[in-house]
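# Descriptive analysis of the structure
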Amino acid sequence: MAAQKDLCDAIVIGAGIQGCFTAYHLAKHGKRVLLLEQFFLPHTRGSSHGQSRIIRRAYPEDFYTQMMDECYQIWAQLEQESGTQLHRQTGLLLLGRKENPELKTIQATLSRQGVEHQCLSSEELKQRFPNIRLPRGEVGLLDKSGGVLYADKALRALQDAIRQMGGIVHDGEKVVEIKPGPLVSVKTTSKSYQAKSLVITAGPWTNQLLRPLGIELPLQTLRINVCYWREKVPGSYGVSQAFPCFLGLGLSLAPHHIYGLPSREYPGLMKNTPDEHFILDRHPKYDNIVIGAGFSGHGFKLSPVVGKILCELSMKLTTHYDLTPFQMSRFPGLGKAHL
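Values in this document were obtained by computation on a predicted structure and should not be read as measured data.

## Points about the overall build of the protein chain
Of regular secondary structure, the protein chain possesses seven helices and 18 strands. Looking at the protein chain alone, contacts between residues at least 24 apart form 72% of all its contacts between residues at least 6 apart. Just so you have it, the protein chain exposes about 16300 Å², and 50% of that area is on carbon and sulfur atoms.

## As for helix α1 (residues 17-28)
Relative to the 16 Å expected for 12 residues at 1.5 Å per residue, α1 spans 16 Å between its end C-alpha atoms, a close match to the ideal helical length. For α1, the tally of buried residues reaches 11 of 12 residues, placing the bulk of the element in the interior. Where α1 is buried, its residues contact β1 (7-13), β2 (33-37), α2 (62-82), α5 (151-164), β12 (192-200) and α7 (303-314).

## As for the packing of α1 against α5
Taken N-terminus to C-terminus, the directions of α1 and α5 make an angle of 30°; their axes are 9 Å apart at the nearest point. Comparing the axis directions of α1 and α5 gives the class roughly parallel. Here α1 runs over α5; the crossing is left-handed. Across the interface between the two elements, Ile17, Cys20, Phe21, Ala23 and Tyr24 from α1 touch Leu155, Leu158, Gln159, Ala161 and Ile162 from α5. Taken together, the residues of the contact of α1 with α5 sort by class into nine nonpolar, one polar and no charged.

## Concerning the nonpolar core
Core analysis: the biggest nonpolar cluster contains 47 residues, and Phe21, Leu35, Trp75, Leu78, Phe278, Leu280 and Leu302 have the highest contact counts within it. Among the elements of the structure, β1, α1, β2, α2, α5 and α7 are those that each provide at least two residues to this core. Residues within four places of Phe21 in sequence aside, it is in contact with Ile74, Trp75, Leu78, Leu158, Ser303, Pro304 and Gly307.

## A closer look at the sheet that holds strand β3 (residues 52-55)
Read from one edge of the open sheet, three strands run β3-β8-β4, paired in antiparallel fashion. Either end of the sheet is taken by a strand with one partner, and the two such strands are β3 and β4 (87-89). Averaged over all adjacent pairs, the angle separating strand axes in this sheet is 25°, with direction ignored. Here β3 pairs with strand β8 (residues 147-150) via four bridges, running antiparallel. The residue bridging Ser52 from the neighbouring strand is Tyr150, located in β8.

## Here we look at the side chain of Ser303
With respect to the secondary-structure elements, Ser303 resides in helix α7. Owing to a relative accessible area of 0%, Ser303 belongs among the buried residues under this scheme. Every residue in contact with Ser303, bar those within four places of it in the chain, is listed here: Ile17, Gln18, Phe21 and Trp75.

## Thoughts on the packing of aromatic side chains
In the structure shown here, the tally under the stated rule is 12 aromatic pairs. Arranged with centres 5.0 Å apart and planes meeting at 40°, the rings of Tyr59 and Tyr64 form a pair that is tilted. Of the residues examined, Tyr59 reaches a relative accessible area of 2% and is grouped as buried. Consider the rings of Tyr64 and Phe326, whose centres lie 6.0 Å apart with planes at 45°: the pair is tilted. You can see Tyr64 sitting in helix α2 and its partner Phe326 sitting in the segment after α7, a full 262 residues away along the chain. With respect to class, Tyr64 is no different from Phe326; both count as buried. Put simply, the rings of Tyr59, Phe63, Tyr64, Phe278, Phe295 and Phe326 pair up and form one aromatic cluster. When the ring centre of Tyr72 is taken as origin, the NZ or CZ atom of Arg57, which lies over that ring, is 4.0 Å away. The aromatic ring of Tyr150 is capped on one face by Lys153, whose charged end is 5.3 Å from the ring centroid.

## Examining α7
Taking 1.5 Å of rise per residue, 12 residues should cover 16 Å, and α7 covers 16 Å from first to last C-alpha, within 8% of that figure. In terms of residue burial, α7 counts as a mostly covered element, since 12 of its 12 residues are buried. Those residues of α7 that are buried lie in contact with β1, α1, α2, β12, β17 (279-282) and β18 (289-293). Two residues or fewer past α7, Lys316 is found with a positive phi of approximately 60°.

## Re unusual backbone geometry
Positive phi values are uncommon outside glycine, yet Glu276 reaches one of about 60°. Positioned with a positive phi, Lys316 is a non-glycine residue whose angle comes to about 60°. Counting through the fold element by element, Lys316 comes out in the segment after α7.

## Structural notes on the environment of Gln118
Note on placement: Gln118 falls in strand β6 (residues 117-120). Looking at Gln118, the relative accessible area reads 27%, which means it is partly exposed. In the structure, Gln118 is positioned 11 residues away from Gln107 in sequence and 9.0 Å away in space, judged by C-alpha atoms. Residues contacting Gln118, with those up to four places away along its chain left out, are Arg128, Gly140, Leu141, Leu142 and Lys144. Polar side-chain contacts of Gln118 include one of 3.1 Å to the side chain of Arg128.

Parameters and conventions
Residues numbered from 1 in each chain as written. Predicted model: local features only at pLDDT ≥ 70, side-chain atom pairs only at ≥ 80, totals over all residues. Heavy atoms only, no water. Helix = DSSP H or I, 4+ residues; strand = E, 2+ residues; numbered from the N terminus. Contact = heavy atoms within 4.5 Å. Areas by Shrake-Rupley, 256 points an atom, 1.4 Å probe, with all protein chains shown as cover. Expected span 1.5 Å × (residues − 1). Buried < 20%, exposed > 50% of the residue type's maximum accessible area, 1.4 Å probe, protein only. Axes fitted to C-alpha atoms, helices over the stretch in contact; angles between N-to-C directions. Parallel < 35°, antiparallel > 145°, perpendicular 65-115°, else oblique. Left-handed = near helix turned anticlockwise from the far one by under 90°. Nonpolar A, V, L, I, M, F, W, Y, C, P; charged D, E, K, R; others polar. Core = buried A, V, L, I, M, F, W, Y, C linked by side-chain atoms within 4.5 Å. Pairing = 2+ DSSP bridges. Phe/Tyr/Trp six-rings, centres within 6.5 Å; stacked < 30°, edge-to-face > 60°. Lys NZ or Arg CZ within 6 Å of the ring centre and 35° of its normal. Polar contact = N/O pair within 3.5 Å; in protein donor to acceptor, adjacent residues only side chain to side chain.

So this is what it looks like as structure tokens:
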């Protein structure tokens, strides 16, 4: 049995945005939480680094748009607690052909959920945003609540808040072994710990931790290329000129959407599931081990609620969201032979 000083209520592995928000919510519940990160902070090897991320309510799925309501509230709460601006509203402009099915679905979702938006014809798009030139008569859908999150600042604010609430953040400690049990044992390159529950939010390294526990998730690492264009007129594509974030749907032969921001961005490593929805679930055999994975490039903005859900799963509390879309059971044969 570990000494009391080494016994935590919860250990969170991975200090990206999902792990930080999970530890933040656990600390708010008064839990003794340890957040472990294999690299020294800050670092650029995961999917949470960089200056900025897009925030939006515009989704094809109702459940993401519903989750975003609480996300905006928690982001604002963190801003107030930290005294740091973490969000700037710019609007998000979705671009696509009028007949694009995803664009139609997103517009219908925004209408159902009562989100303020505006449909722009091809001509209205040219008048409103003359800097945007599209050759095939594309139309626009403006999510007025969209904007930019300041990613690096958000991570620092969360890590500071966790420490202020009594949580512990250890960076430069790679997890080398996990032993399940009523108390989960976690061995790192520096020390061993025990906790009543464990939350794994390790991004591209998730399966390395899960394989010895008998499961492997269908995750694929995706590196996003980010391109920069020099402005001919400095500032003409900036927030001060009301230039929005934008999201192109079906504008090229690329299998993924084209994103653009009026501020700088860096590429990152993302983990996709086959259906591009998250995994937020307990281990099928060890119910005090919780897994958050597969955030598919749209997890940052949703991290306040993702962290809250992972915290509630860890504490065995009832969550207010339907977690059916995020359960591992939607992927058949998930390492069952090893369990």
